[in-house]
Amino acid sequence: MTPAVAVDERPLVLIWEVTQACGLACKHCRADANPQRHPAELSTEEGMALLDDAAAFGEGQLVVLSGGDPLARDDVADLVEYGTERGLRMTLTPSGTSSLTRERLADLERAGLRRLALSLDGATEAAHDGFRGVSGSFESTMAAAEAARDLDVPLQVNTTVCAETVSELPAIRDRVAELGAVLWSVFFLVPVGRGRVLTPVDPARAERVMAWLHEVREAAPFGVKTTEAPHFRRVGIQDRDGGAAPPRRRTGIRAGKGFAFVSHTGEVYPSGFLPESTGNVRDESVVSIYRDSALFQRLRDDDALTGKCGACEYRGVCGGSRSRAYATTGDPLAADPLCAYDPGIRRVGPRPAPGRLRGFFSHWELARSVLYRCVEGTGMSASGIRVELSVDSGEACPIANISDEAGTVVTNVARSTVGTDGREVEEFTVTDDGPVADRTDVQRVFEADRGGRYRLEERAATCPCESVEEFACPVSDVQAEDGQLLLTFYAPDIDRVRAIVTRMRDLYEGVSLRSLRQNGTAASEDSVLVDRGQLTDRQREVLETAVEMGYFEYPKGANAGEVAEALDITVSTFAEHLAAAETKLLGSIVEN
């Protein structure tokens, strides 16, 4: 077993991307690799100087020569030999191409190669080659695995998890066992490079895959680890200990915390999937960059994390994928969107009777979670959400305006665009068509015993329905009454709902959520919809600052005076804002 590493001082894994040249066209490639080598790659001499620096981390530092395809360079065996002589544990992740010959592997074994990592993204030739973009990759990979076994070079198999490959995992597991691998490294897709066009698994599916991988690890003759999915450790703790308090010891690494990456041109990143340069090895030592750069130090500070990762009691053993957070939000400290876990909720059971509510909310973990949910989101994570959204602004939509002016209920709205000039035709039914029949801007197309069907044609500006549908969520039902528009649509996840509501509130007045239902049923038997729009900007700022500073934690990360000072207000003003926000948010919870 690898001894524990002080990750503030050295990375457990140092990746050197020796080249971006590669003969494959893999769908997930973070580097957008191409067949040609870059003229500014580190030379052999510069590479050896890098290995000299890496040795200063300490005896046995693990170095992975990666790419592209590192075998696109003809000095790889020399680099492996040099690193081995310097006391480094040298490993290699070549591509499955014709360059991966038994002869080159034999040279690498003689040079001191400690491990060979091969990628396998399908259990069959068709599946793997389809993902890798070149015929023959599967055959080359299988031949290399056989050669590694003959040469007694330990074999690691790397697999990408995305919507296209996830169903292959059980069969790939069997292949890994057949190949005699010592480790299966399962990489959960980060949308960078070519990987931006692939579809990741959703958080709920990821959670199930991780639980399954723990079962595999218990039964398989090889080890299992994940890449860019540190919540694999949280899933294991929950499955093993039933969600008991997580251990304090280090149990894994993530970008910038036990992991560093040197690009083909010498730039130092926290990870190849988090390409934010912190310096160049041509100018300074990789050791000083890793230990002293501001970005690496922030990434190693669990308490610097924001969003639900910052609120999570497992952040010390997990912390989320910093690379995925960066790829999706531009902020490497933000929440990992792949995680399905709701932080801070460890108490289970029904909501207590009103008389016990005060004691219930004094429990620090639940109070923190409630305030986190109100500040950051609803906490819903499963897919398939039915949304009812109201827009209380008659001028935003002609249908709402008609319902307001005519004092009637408008239902069964249908819309279509005609011609090339953007003219829009809307048909709708009214319950009382007396006031509507006198309007000159509508035409009656059907008469019923009570009410009627009308048509409105106009060239309108962007309406609320179109604003929703910009997010690829068609509006399925539209109604209007007294100038208030009620829209119903279906969203794939809560992040999409949040984005739509945020955009709608930017465009229109009086936007509020009326209902959220998950997969055709209520989100839970006792779910509560909390509308953060009730808060003033100042109240929301007060809550966000208090959460960020740890005011609601036990023991407190900051007292009332410290939070008030950060907000540049008095303690009494802080208390007033906090009380007002609690009245609105917790009042909604109690009343519902």
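Computed from a predicted model, the values in this text were never measured in an experiment.

Basis of the calculations
Residues numbered from 1 in each chain as written. Predicted model: local features only at pLDDT ≥ 70, side-chain atom pairs only at ≥ 80, totals over all residues. Heavy atoms only, no water. Helix = DSSP H or I, 4+ residues; strand = E, 2+ residues; numbered from the N terminus. Buried < 20%, exposed > 50% of the residue type's maximum accessible area, 1.4 Å probe, protein only. Contact = heavy atoms within 4.5 Å. Areas by Shrake-Rupley, 256 points an atom, 1.4 Å probe, with all protein chains shown as cover. Salt bridge = Lys/Arg side-chain N within 4 Å of Asp/Glu carboxyl O. 1 Å grid on protein atoms, 1.4 Å probe; cavity = no way out; pocket = protein on both sides within 12 Å on 5 of 7 lines; lining within 4 Å. Points joined across faces, edges and corners; volume = space filled by probe spheres on them. Nonpolar A, V, L, I, M, F, W, Y, C, P; charged D, E, K, R; others polar. Pairing = 2+ DSSP bridges. Expected span 1.5 Å × (residues − 1). Arc of directions from axis to C-beta. Patch = residues over 30% accessible without salt bridge, like charges linked within 9 Å, V, L, I, M, F, W, Y side chains within 5 Å. Lys, Arg positive; Asp, Glu negative; His and termini not counted. Charge placed at Lys NZ, Arg CZ, Asp CG, Glu CD. Disulfide = S-S within 2.5 Å. Phe/Tyr/Trp six-rings, centres within 6.5 Å; stacked < 30°, edge-to-face > 60°.

Caption draft 1: Structural view of the overall build of the protein chain. When helices and strands are counted, the protein chain shows 21 helices and 18 strands. Classification of the 592 residues of the protein chain by burial places 51% in the buried group. By sequence separation, contacts in the protein chain at least 24 residues apart represent 69% of the contacts at least 6 residues apart. Of the roughly 26,800 Å² of accessible surface on the protein chain, a fraction of 47% belongs to carbon and sulfur atoms.

Caption draft 2: Focus on the pattern of salt bridges. Scanning all chains against the criterion turns up 19 salt bridges. A salt bridge links K257 to D302; the nearest nitrogen and oxygen atoms lie 3.1 Å apart. With K257 in the loop between α8 (231–241) and β8 (259–262) and D302 in the loop between α10 (294–299) and α11 (307–311), this residue pair connects regions lying 45 residues apart in the sequence. Here R315 ties to D303 by a salt bridge, and the two come within 3.3 Å at their closest N and O atoms. In this pair, R315 is assigned in the loop between α11 and α12 (322–329) and D303 in the loop between α10 and α11, connecting sequence segments 12 residues apart. Judged by its relative accessible area of 15%, R315 is buried. The class of D303 is exposed, set by a relative accessible area of 60%.

Caption draft 3: The arrangement of unusual backbone geometry in detail. Between G67 and G68 the backbone carries a cis peptide bond, its omega angle lying at 25 degrees. Mapped onto the elements of the fold, G68 is located in the loop between β2 (62–66) and α2 (76–85). One non-glycine residue, A472, adopts positive backbone phi at about 60 degrees. Positionally, A472 belongs in the loop between α17 (464–469) and β15 (475–481).

Caption draft 4: Broad picture of empty space enclosed by the protein. Scanning all chains against the criterion turns up three cavities of 30 Å³ or more. What the largest cavity holds in volume is close to 120 Å³. Listing elements by their share of the lining of the largest cavity, those giving two or more residues are α8 and α11. Residues that form the lining of the largest cavity fall into these classes: seven nonpolar, three polar and four charged.

Caption draft 5: Highlighting the environment of V76. Here V76 lies in helix α2. When the C-alpha atoms of V76 and V18 are compared, they prove to be 8.6 Å apart, with 58 residues separating the residues in sequence. Those residues in contact with V76, other than ones at most four positions away along the chain, are L65, P70, L71, L92 and L108.

Caption draft 6: Region of interest: helix α3 (residues 102–111). What α3 keeps buried is the set L105, A106, L108 and A111. The inward-facing, buried residues of α3 contact α2, β3 (89–92), β4 (115–119) and α5 (137–150). Downstream of α3 by a residue or two, G112 has a phi angle that is positive, lying close to 110 degrees.

Caption draft 7: Seen up close, the pairing of strand β5 (residues 155–161). For β5, the buried fraction is high: seven of the seven residues fall into the buried class. What you see with β5 is no split at all: L155, V157, T159 and V161 on one side and Q156, N158 and T160 on the other are buried throughout. Note: β4 against β5, four bridges, orientation parallel. The residue of β5 that forms the bridge with L116 is L155. Strand direction decides the pairing type here: β5 and strand β6 (residues 183–188), joined by six bridges, are parallel.

Caption draft 8: Spatial organisation of the sheet that holds β6. Taking strand neighbours across the sheet as the criterion, the nine strands line up as β7-β6-β5-β4-β3-β2-β1-β8-β9 in an open arrangement whose pairing is mixed. Edge positions in the sheet fall to β7 (223–227) and β9 (268–269), since each has one partner strand and no second.

Caption draft 9: Region of interest: the side chain of S263. Mapping S263 onto the fold places it in the loop between β8 and β9. Given the relative accessible area of 2%, S263 is considered buried. In contact with S263, other than residues within four places in its own chain, are W16, E17, L42 and Y269.

Caption draft 10: Geometry of helix α18 (residues 494–507). The first and last C-alpha atoms of α18 sit 20 Å apart over 14 residues, in line with the 20 Å expected at 1.5 Å per residue. For α18, the full list of buried residues reads I494, V497, I500, V501 and M504. Buried residues in α18, looked at end-on, bunch into an arc of 120 degrees, giving them a common side.

Caption draft 11: Local environment of a negative patch on the surface. A contiguous patch of negative charge on the surface is contributed by D74, D78, E81 and E85. Looking at the element boundaries, E81 is found in helix α2.

Caption draft 12: Spotlight on the state of the cysteines. Inspection of every chain in the model, using the stated rule, returns zero disulfides. There is no disulfide at C339, and the cysteine sulfur nearest it, in C318, is 6.1 Å away. Assessed through its relative accessible area of 13%, C339 is described here as buried. Take C397: it sits in no disulfide, and the sulfur closest to it among the cysteines is that of C463, at 5.9 Å.

Caption draft 13: Molecular detail of the environment of A126. With respect to the helices and strands, A126 occurs in helix α4 (residues 125–132). Sequence separation between A126 and G136 is 10 residues, and the spatial gap between their C-alpha atoms is 9.6 Å.

Caption draft 14: Just the packing of aromatic side chains, in detail. Under the defined criterion, the tally for this structure stands at seven aromatic pairs. With 5.9 Å between their ring centres and 90 degrees between their planes, F57 and Y290 make a pair best called edge-to-face. In this pair, F57 sits in the loop between α1 (44–55) and β2 while Y290 sits in helix α9 (residues 286–292), placing the two residues 233 residues apart along the sequence. Accessibility expressed as a relative area gives 6% for F57, which makes it buried. Ring geometry for Y314 against Y341: centres 5.6 Å apart, planes inclined by 80 degrees, an arrangement best described as edge-to-face.

Caption draft 15: View of the pairing of β8. Side chains F259 and F261 project from β8 onto one buried face, and the interleaved A260 and V262 project onto a second face that is buried too. Bridge count for strand β1 (residues 13–17) against β8 is four bridges, and the pairing is parallel. Each residue of the ladder has a partner; that of I15, found in β8, is F261. Summarising the sheet, β8 and β9 pair through two bridges and their orientation is antiparallel. Residue V262 lies in a different strand from β9, and its bridge partner there is V268. Adjacent in sequence and paired antiparallel, β8 and β9 are bridged by five residues, among which G266 carries a positive phi angle near 95 degrees.

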